[in-house]
Amino acid sequence: MKKNIETLLSHFAEERDEYKGAVVPPIFQNSLFTHPSWEHIDEAFDDRVDNLIYSRGHNPTVRIVEQKLAAITGGERALLFPSGMAAISAAVLHCLNQGDHVVTIKNIYGPANNLLNSYLPGKMGIEVTQVGGETVEEFENAIRSNTKLIYLESPSSAVFSLQDIQGVVALAKKHGIKTAIDNSWASPVFQRPLEMGIDLEVHSVSKYIGGHSDLVGGCVIGSEKDIKEIFVREFELLGAKTAPMEAWLVLRSLRTLPIRMRQHQENAMAVAEFLENHPKIALVRYPGLDNFPQKELAQKQMTGYSGLMSFQLATEDLEKIKAFFNSLKLFKIGVSWGGHESLIYAPAISYLKELKPEQFESMGISLGDMRISVGLEHKEDLIGDLGEALEVV
Ligand SMILES: *Cc1c(COP(=O)(O)O)cnc(C)c1O
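Residues numbered from 1 in each chain as written. Predicted model: local features only at pLDDT ≥ 70, side-chain atom pairs only at ≥ 80, totals over all residues. Heavy atoms only, no water.

1. Quick word on the overall build of the protein chain
Link 1 in the chain: Check the secondary structure of the protein chain and you find 16 helices and twelve strands.
Link 2 in the chain: Rg of the C-alpha trace for the protein chain: 22 Å, near the compact-globule value of 21 Å for 393 residues, within the 12% margin.
Link 3 in the chain: In terms of overall dimensions, the protein chain has C-alpha extents of about 75 × 50 × 40 Å along its principal axes.
Link 4 in the chain: For the protein chain, with 393 residues in total, the buried portion stands at 54%.
Link 5 in the chain: Excluding contacts between residues fewer than 6 apart, the proportion of contacts in the protein chain whose partners are at least 24 apart in sequence is 73%.
Link 6 in the chain: Total accessible area on the protein chain is roughly 17,500 Å²; 53% of this is exposed by carbon and sulfur atoms.
Link 7 in the chain: Across the protein chain, the centroid of the 38 positively charged side chains sits 2 Å from that of the 51 negatively charged ones. (Helix = DSSP H or I, 4+ residues; strand = E, 2+ residues; numbered from the N terminus. Rg over C-alpha atoms; globule rule 2.2 N^0.38 Å. Buried < 20%, exposed > 50% of the residue type's maximum accessible area, 1.4 Å probe, protein only. Contact = heavy atoms within 4.5 Å. Areas by Shrake-Rupley, 256 points an atom, 1.4 Å probe, with all protein chains shown as cover. Lys, Arg positive; Asp, Glu negative; His and termini not counted. Charge placed at Lys NZ, Arg CZ, Asp CG, Glu CD.)

Printed below as a string of structure tokens:
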């Protein structure tokens, strides 16, 4: 019988009998594995992916996490990486050769944008077209004879815009183009891109999958064929190996992923509705809200909504904006998201290093834009904290 995610996370791929019945598997903190004979190690080399030889490749603690990730996403195989960017780089490099063309969206995660738009064009002559991504036609119009990859991030973690995953997959399959998606926002609990035909699903494990703000990691999930190829090339050759201790922390985190996601959703919905109805808030961007512009698509391809959103204060007065930001007590100031703790960041802090406030409007950004990650504190306390801080605006 096919098991649900919650059950898989507790029991799947755990060979407890092999570990003296330990309910939690050990951390295999060893760099290499010894073999009883010439013949044994000789045979081990015939399958580098699945035999135990050296921990830059296969490590049992890491492998348990990979097996669980594949099982809960509907993929055949997964690979754990030491960061989300290592996972994204491996997935992208796997799909591209010198001179190939990629189509992606304008609002992808900043470092992924730098990889595609600056590093790869310079190193490998990769060509990139960025589209708004709200219609499949935009992707279709961007396709060239050398297009090898369509790279999605839905919802995008910057502006929460969605791409029609099934529509893009159908287009890509027609043209023999690979598809990859950054699914960090929705997590495997709320969105299942591999079942919609996406080739490679990537996550920043540092966000919801890790969930405790105590590790940095990433993963790539896909078919047996793709992942085995990534294993012997981008993973082993570039040396993007996860430490067993980090993998063990991810395993600990995975046990509670569904329950955490449901609570993030409940808290975030309450916070989003509070902000939406507050007179000092101009606008809230959150795919869970009824008036979210792409609500129909959101409901079609996601089964729930996580805790990252943005909103705009109804003022352009930088002093008031800073006063609001600095008076929050529970929302801690910091980058990243997806952990147990609530966080706030103002994109203007980054933009103001390069732009004047007068330039903001033409770029569709506002001084008063705030990004929050709604954590697992009690929702009434979070709303209270925001409400008090809004009094200074
Ligand atoms: C943080 C993040 C990444 C990168 O993950 P790291 O683990 O920090 O390398 C990738 N995509 C999105 C959407 C992110 O927010």
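Past the structure itself, the notes keep going.
2. Notes on the pattern of salt bridges
Link 1 in the chain: Scanning the model with the defined rule gives 21 salt bridges in all.
Link 2 in the chain: Residue Arg-262 pairs with Glu-6 through a salt bridge whose shortest N-O separation is 2.9 Å. Linking Arg-262 in helix α11 (residues 257–276) with Glu-6 in helix α1 (residues 5–11), this pair joins segments that are 256 residues apart in sequence.
Link 3 in the chain: A salt bridge links Asp-214 to Arg-252; the nearest nitrogen and oxygen atoms lie 3.1 Å apart. With Asp-214 in the loop between β6 (200–204) and β7 (218–222) and Arg-252 in helix α10 (residues 244–254), this pair connects stretches of sequence that are 38 residues apart. (Salt bridge = Lys/Arg side-chain N within 4 Å of Asp/Glu carboxyl O.)

3. A short note on unusual backbone geometry
What is expected of a backbone is that most residues other than glycine have negative phi and most peptide bonds are trans.
Link 1 in the chain: Cis geometry marks the peptide bond from Ser-154 to Pro-155; its omega dihedral reads -10 degrees.
Link 2 in the chain: With respect to the helices and strands, Pro-155 occurs in the loop between β4 (147–153) and α7 (165–175).
Link 3 in the chain: Its identity as a non-glycine residue notwithstanding, Ala-13 has a phi of 65 degrees, on the positive side.
Link 4 in the chain: A relative accessible area of 14% places Ala-13 in the buried class.
Link 5 in the chain: Of note in this structure, Ser-213 is not a glycine but carries a positive phi near 55 degrees.
Link 6 in the chain: By the secondary structure assignment, Ser-213 is in the loop between β6 and β7.

4. Examining the nonpolar core
Link 1 in the chain: Leu-275, Met-309 and Phe-324 are the most contacted members of the largest nonpolar core, which has 70 residues in total.
Link 2 in the chain: Both of domain 1 (5–254) and domain 2 (257–390) provide at least three residues apiece to this core.
Link 3 in the chain: In this structure, Leu-275 is in contact with Ile-281, Val-284, Met-309, Phe-311, Ile-372, Leu-386 and Leu-390, ignoring residues within four places of it in sequence.
Link 4 in the chain: Counting 48 residues, the second-largest nonpolar core is a separate cluster that includes Ile-88, Leu-96, Val-136 and Leu-152. (Core = buried A, V, L, I, M, F, W, Y, C linked by side-chain atoms within 4.5 Å. Domains from an automatic or database assignment.)

5. Regarding the site of the ligand
Link 1 in the chain: Near the ligand there are 14 residues, and of these Gly-84, Met-85, Asp-182, Ser-206 and Lys-207 occur at the shortest range.
Link 2 in the chain: Take Gly-84: an N or O atom from its main chain is 2.8 Å from an oxygen atom of the ligand.
Link 3 in the chain: Between Met-85 and the ligand, the recorded distance is 2.8 Å, taken from a backbone N or O atom to an oxygen atom.
Link 4 in the chain: Broken down by element, the residue count for the shell around the ligand peaks at three residues, all from helix α4 (residues 84–95). (Near = heavy atom within 4 Å. Polar contact = N/O pair within 3.5 Å; in protein donor to acceptor, adjacent residues only side chain to side chain.)

6. Some points on the sheet that holds strand β10 (residues 332–333)
Link 1 in the chain: Spatially, the five strands line up as an open sheet ordered β8-β9-β12-β11-β10, and their pairing is mixed. Edge positions in the open sheet fall to β8 (281–285) and β10, since each of these has one partner strand only.
Link 2 in the chain: Taken together, the three bridges between strand β11 (residues 343–345) and strand β12 (residues 369–373) define a ladder with antiparallel strand orientation. Residue pairing in the sheet places Leu-343 in a bridge with Ser-373 of β12. (Pairing = 2+ DSSP bridges.)

7. Describing helix α13 (residues 318–327)
The periodicity of an α-helix, 3.6 residues per turn, causes residues three or four positions apart to be oriented the same way.
Link 1 in the chain: Along α13, the residues classified as buried are Ile-321, Phe-324 and Phe-325. When α13 is viewed along its axis, its buried side chains cluster within an angular range of 95 degrees and face the same direction. Facing away from the buried side of α13 by more than 90 degrees, the exposed set consists of Glu-319 and Asn-326.
Link 2 in the chain: On its buried face, α13 sits against β9 (308–313), β10, β11, α14 (347–351), β12 and α16 (379–390).
Link 3 in the chain: Between the side-chain oxygen of the N-cap and the backbone nitrogen of Glu-319 there are 3.0 Å, and the N-cap of α13 in question is Asp-317. (Arc of directions from axis to C-beta.)

8. Points about the domain arrangement of the protein chain
Link 1 in the chain: When cut into domains, the protein chain gives domain 1 (5–254) and domain 2 (257–390).
Link 2 in the chain: Computed over C-alpha atoms, the centres of domain 1 and domain 2 are 28 Å apart.
Link 3 in the chain: Listed by partner, the interface residues are 35 residues for domain 1 and 32 residues for domain 2.
Link 4 in the chain: Roughly 2,800 Å² of surface becomes buried between domain 1 and domain 2 when both sides are summed, with 61% attributable to carbon and sulfur atoms.
Link 5 in the chain: The three residues of domain 1 that bury the most area against domain 2 are Trp-185, Phe-190 and Tyr-208, which together make up 31% of that side's buried surface.
Link 6 in the chain: Counting across the domain 1 and domain 2 interface gives 17 residue pairs in polar contact (both at pLDDT 80 or more).
Link 7 in the chain: Mapped onto the side of domain 1 that touches domain 2, the elements with two or more residues apiece are α1, α7, α8 (187–190) and α10. (Buried area = accessible area lost by both parts, 1.4 Å probe.)

9. Some thoughts on a negative patch on the surface
Link 1 in the chain: On the surface, a cluster of negative charge is made up of Glu-39, Asp-42, Glu-43 and Asp-46.
Link 2 in the chain: For Glu-43, a relative accessible area of 58% corresponds to the exposed category. (Patch = residues over 30% accessible without salt bridge, like charges linked within 9 Å, V, L, I, M, F, W, Y side chains within 5 Å.)

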